[in-house]
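# Structural overview for review
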Amino acid sequence: MADHDFPPLKNDLFLRAARGEETERAPVWVMRQAGRYLPEFRKVREQHEFFKVCQTPELAKEVTLQPIRRYSGLVDAAIIFSDILVVPQALGMEVLMNPAPAFPDPLTTPDDIKKLKANVDVKKELGYVFDAITLTRKALNGEVPLIGFTGAPWTLFMYMVEGGGSKTMQKSKGWLFKWPKESKEVLDRITDVCIDYLVEQVRAGAQALQIFDSNAGDLAPHHFHEFSYPYLARIATTLRTRLTSLSLPQVPLILFAKGANHALAHLAITAGYDVLGIDWLVEPSLARSLVNGKVALQGNLEPNVLYGGREAIEREVKRMCDEFRVDGKTKGWIANLGHGITPGVDPEDLRFFFECVQKYSANPTKTA
Ligand SMILES: Cc1c2[nH]c(c1CCC(=O)O)Cc1[nH]c(c(CCC(=O)O)c1C)Cc1[nH]c(c(CCC(=O)O)c1C)Cc1[nH]c(c(C)c1CCC(=O)O)C2
């Protein structure tokens with residue numbers, strides 16, 4: 001699919017900010033914006049199991065559009081409804097969602113590597129995601145751009161070895177330190193699938209891509225540089241080469257390496273991404289100086305502020321908008337939370353968050 005196969009884009013704020021440009025106000029979206037805090041999402045989930053929604057393009061389209069409809073004119077990007085764990089599924093692993101992710105048969109020792117599918121055909125395994133992207137981009141009718149995504153190799157490796165989420169990550173870190181060579185083999189296998197998966201998302205119509213390394217901050221800096229960074233960099237480099245050779249658009253690439261704020265300066269210069277997502281543990285002004293204009297930034301309101309009532313939301317959003325300004329201007333910044341929105345948030349409080357971003361990030365109108 002090419003751009004001319006889709007309705008023309010009416011709101012390019014997000015894409016301009018991703019390229020580092022000055023914008024009349026900050027574009028805004030939130031991670032997990034299609035999710036359980038929305039009653040209309042819970043209604044769909046009463047009828048359909050989680051992965052069924054991911055695997056049915058019509059349903060995935062429907063839930064992707066829910067926040068876009070509800071917050072029409074207030075939200076500046078859609079993200080395709082899916083999950084990072086579809087990549088381990090493509091590699092042949094069984095993943096349940098009950099309600100937290102669970103792998104009945106995780107990677108226990110290097111001997112289990114042979115259970116992973118060799119030569120994954122992403123079109124066969126994940127074709128439903130590409131169909132959902134094409135359908136959703138058409139249905140969006142150019143209102144806002146559509147973001148595709150993947151989990152990052154280290155974060156996916158963690159789930160594949162632990163068999164689900166983990167606070168201590170004993171098993172996955174045990175692998176890294178006990179079996180570094182075999183761990184890198186798995187990380188490489190995941191990386192190969194991520195690259196194919198992202199290329200096909202662009203072919204299907206994704207207008208930007210985000211890589212979620214949600215567990216990046218659980219690694220010591222030197223372990224991050226050994227076990228996560230090389231794969232993130234390879235994704236960006238190889239993806240760009242592949243997109244060019246296939247005459248596909250060079251869409252903006254966003255890296256959300258949650259908690260890896262120690263690496264911001266390095267990532268900005270060397271990783272090959274256009275935008276770095278940041279969590280709430282780093283001051284925007286410090287992040288700005290660390291990346292030194294090399295990349296745009298996305299983030300970073302502490303998600304729990306959305307439980308703090310209108311006064312707190314307004315105060316915190318205003319502070320965030322001021323902190324992200326460069327030379328008094330809103331430039332190269334995509335407003336977002338510092339992580340996903342959680343199920344208990346009142347959807348009207350999220351609306352108020354969007355309204356506050358629009359109000360406090362506005363640049364003075366240019367006089368010729
Ligand atoms: C780590 C991770 C996962 N999935 C994802 C990540 C990376 C981002 C992050 O760190 O939050 C990414 C993800 N998951 C989902 C999206 C959809 C797009 C979006 O709106 O951002 C995206 C981008 C939907 C989802 N993925 C999931 C839900 C909720 C499940 C439900 O509907 O019952 C949604 C809306 C389930 C999921 N999937 C995963 C977890 C840990 C859980 C939740 C467990 C829980 O909260 O109880 C794995």
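Residues numbered from 1 in each chain as written. Predicted model: local features only at pLDDT ≥ 70, side-chain atom pairs only at ≥ 80, totals over all residues. Heavy atoms only, no water.

### Some points on the side chain of Asp83
With respect to the helices and strands, the residue Asp83 is situated in the loop between β1 (78-79) and α5 (86-90). Although buried, Asp83 forms no salt bridge, and the nearest oppositely charged side chain, Arg32, lies 5.2 Å from it. Not counting residues up to four positions away in its chain, the partners in contact with Asp83 are Phe50, Phe51, Cys54, Met97 and Phe149. (Helix = DSSP H or I, 4+ residues; strand = E, 2+ residues; numbered from the N terminus. Buried < 20%, exposed > 50% of the residue type's maximum accessible area, 1.4 Å probe, protein only. Lys, Arg positive; Asp, Glu negative; His and termini not counted. Salt bridge = Lys/Arg side-chain N within 4 Å of Asp/Glu carboxyl O. Contact = heavy atoms within 4.5 Å.)

### With respect to the pairing of strand β9 (residues 333-337)
Taking burial as the measure, the 5 residues of β9 include 5 buried ones, the bulk of the element. Both faces of β9 are covered, namely the face carrying Trp333, Ala335 and Leu337 and the face carrying Ile334 and Asn336. Pairing between strand β8 (residues 296-301) and β9: 5 bridges, direction parallel. When the sheet's bridge partners are listed, Gly299 is paired in β9 with Ala335. In the classification by handedness, the crossover that spans β8, the intervening helix α14 (residues 309-324) and the parallel β9 is right-handed. (Pairing = 2+ DSSP bridges. Right-handed = clockwise from strand over helix to strand, strands pointing away.)

### Some remarks on the pattern of salt bridges
Overall, the coordinates contain 29 salt bridges when judged by the stated rule. As a salt-bridge pair, Lys114 and Asp111 come within 3.0 Å of each other at their nearest N and O atoms. The class for Lys114 is exposed, based on a relative accessible area of 64%. Residues joined by salt bridges that share partners form a network here, namely Glu40, Arg70, Glu348 and Arg351.

### Side note on the nonpolar core
Burial of nonpolar side chains together is a common tendency in soluble globular proteins. Of all hydrophobic cores here, the largest spans 140 residues; its most connected members are Met160, Phe224, Tyr273, Leu276 and Phe353. If one sorts the elements of this core by residue count, helix α9 (residues 180-204) sits on top with 11 residues. Leave out the neighbours within four places in its chain, and Tyr273 touches Ile211, Leu232, Ile235, Ala236, Arg240, Leu253, Ile254, Leu255 and Val295. (Core = buried A, V, L, I, M, F, W, Y, C linked by side-chain atoms within 4.5 Å.)

### Digging into helix α6 (residues 122-140)
Along α6, the sharpest change in direction is near 50° and occurs at Tyr128. Of all the residues in α6, the buried ones are Val122, Leu126, Gly127, Tyr128, Val129, Phe130, Ala132, Ile133, Thr134, Thr136, Arg137 and Leu140. Check the buried side of α6 and you find it contacts α3 (50-55), α4 (57-70), β1, α5, β4 (146-151) and α9. Its side-chain oxygen 3.1 Å from the backbone nitrogen of Lys123, Asp121 forms the N-cap of α6. (Bend = angle between axes of the 7 residues up to and from the residue. Polar contact = N/O pair within 3.5 Å; in protein donor to acceptor, adjacent residues only side chain to side chain.)

### Observations regarding the confidence of the model for the protein
The predicted coordinates ought not to be read in detail in places where the model reports low pLDDT. Across the protein, the average pLDDT comes to 97, with 99% of residues at 70 or higher. The ipTM, which scores confidence in the relative placement of chains, is 0.92 for this predicted complex, and the corresponding pTM is 0.97. (pLDDT = per-residue confidence, 0-100.)

### Remarks on the layout of surface pockets
Roughly 1,300 Å³ of volume is contained in the largest pocket. Along the wall of the largest pocket there are 45 residues; nearest its centre are Arg32, Arg36, Asp83, Tyr159 and His339. At the level of elements, α2 (39-47) and α7 (153-162) are the ones that each hand at least two residues to the lining of the largest pocket. Here the lining of the largest pocket gets 3 residues from one element, more than from any other, and that element is α7. (1 Å grid on protein atoms, 1.4 Å probe; cavity = no way out; pocket = protein on both sides within 12 Å on 5 of 7 lines; lining within 4 Å. Points joined across faces, edges and corners; volume = space filled by probe spheres on them.)

### Quick word on the site of the ligand
With respect to spatial proximity, 22 residues lie near the ligand, and among them Arg32, Arg36, Asp83, Ser214 and His339 are the closest. At 2.6 Å, a side-chain N or O of Ser214 approaches an oxygen atom of the ligand. Contacts to the ligand include His339, whose side-chain N or O atom sits 2.7 Å from an oxygen atom. Protein coverage of the free-state accessible area of the ligand, which is 890 Å², stands at 89%. Cavity membership is defined here by more than half of the atoms lying within 2 Å of grid points; on that basis the ligand lies in the largest pocket. Grouping the constituent residues of the shell around the ligand by class yields 13 nonpolar, 5 polar and 4 charged. (Near = heavy atom within 4 Å. Areas by Shrake-Rupley, 256 points an atom, 1.4 Å probe, with all protein chains shown as cover. Sits in = over half its atoms within 2 Å of the grid points. Nonpolar A, V, L, I, M, F, W, Y, C, P; charged D, E, K, R; others polar.)

### Re the packing of aromatic side chains
Taken as a whole, this structure holds 12 aromatic pairs when the rule is applied. Pairing Trp154 with Phe157 gives two aromatic rings, centres 6.1 Å apart and planes at 35°, and the pair type is tilted. Remark: Phe157 and Trp154 occur in helix α7; sequence separation between them is 3 residues, near one turn of the helix. Of the residues examined, Trp154 reaches a relative accessible area of 0% and is grouped as buried. Residue classification places Phe157 among the buried positions, given a relative accessible area of 0%. An angle of 90° between the planes, with centres 6.4 Å apart, marks the rings of Phe212 and Phe256 as edge-to-face. Linking Phe212 in strand β5 (residues 208-213) with Phe256 in strand β6 (residues 253-257), this pair joins segments that are 44 residues apart in sequence. (Phe/Tyr/Trp six-rings, centres within 6.5 Å; stacked < 30°, edge-to-face > 60°.)

### A word on empty space enclosed by the protein
Going through the model one piece at a time under the given rule, you end up with 2 cavities of 30 Å³ or more. Roughly 50 Å³ of volume is contained in the largest cavity. In terms of lining, the largest cavity is formed by Leu255, Ala257, Ala260, Asn261, Leu264, Leu267, Leu276, Gly277 and Ile278. When contributions to the lining of the largest cavity are tallied by element, the ones reaching two or more residues are β6, α12 (264-270) and β7 (275-277). A class-by-class count of the residues in the lining of the largest cavity yields 7 nonpolar, 2 polar and no charged. Size it by volume and the second largest cavity reaches roughly 40 Å³. In this structure, the second largest cavity is lined by Pro7, Leu9, Arg137, Leu140, Gly142, Val144 and Gln207. In the lining of the second largest cavity, the residues fall into 4 nonpolar, 2 polar and 1 charged.

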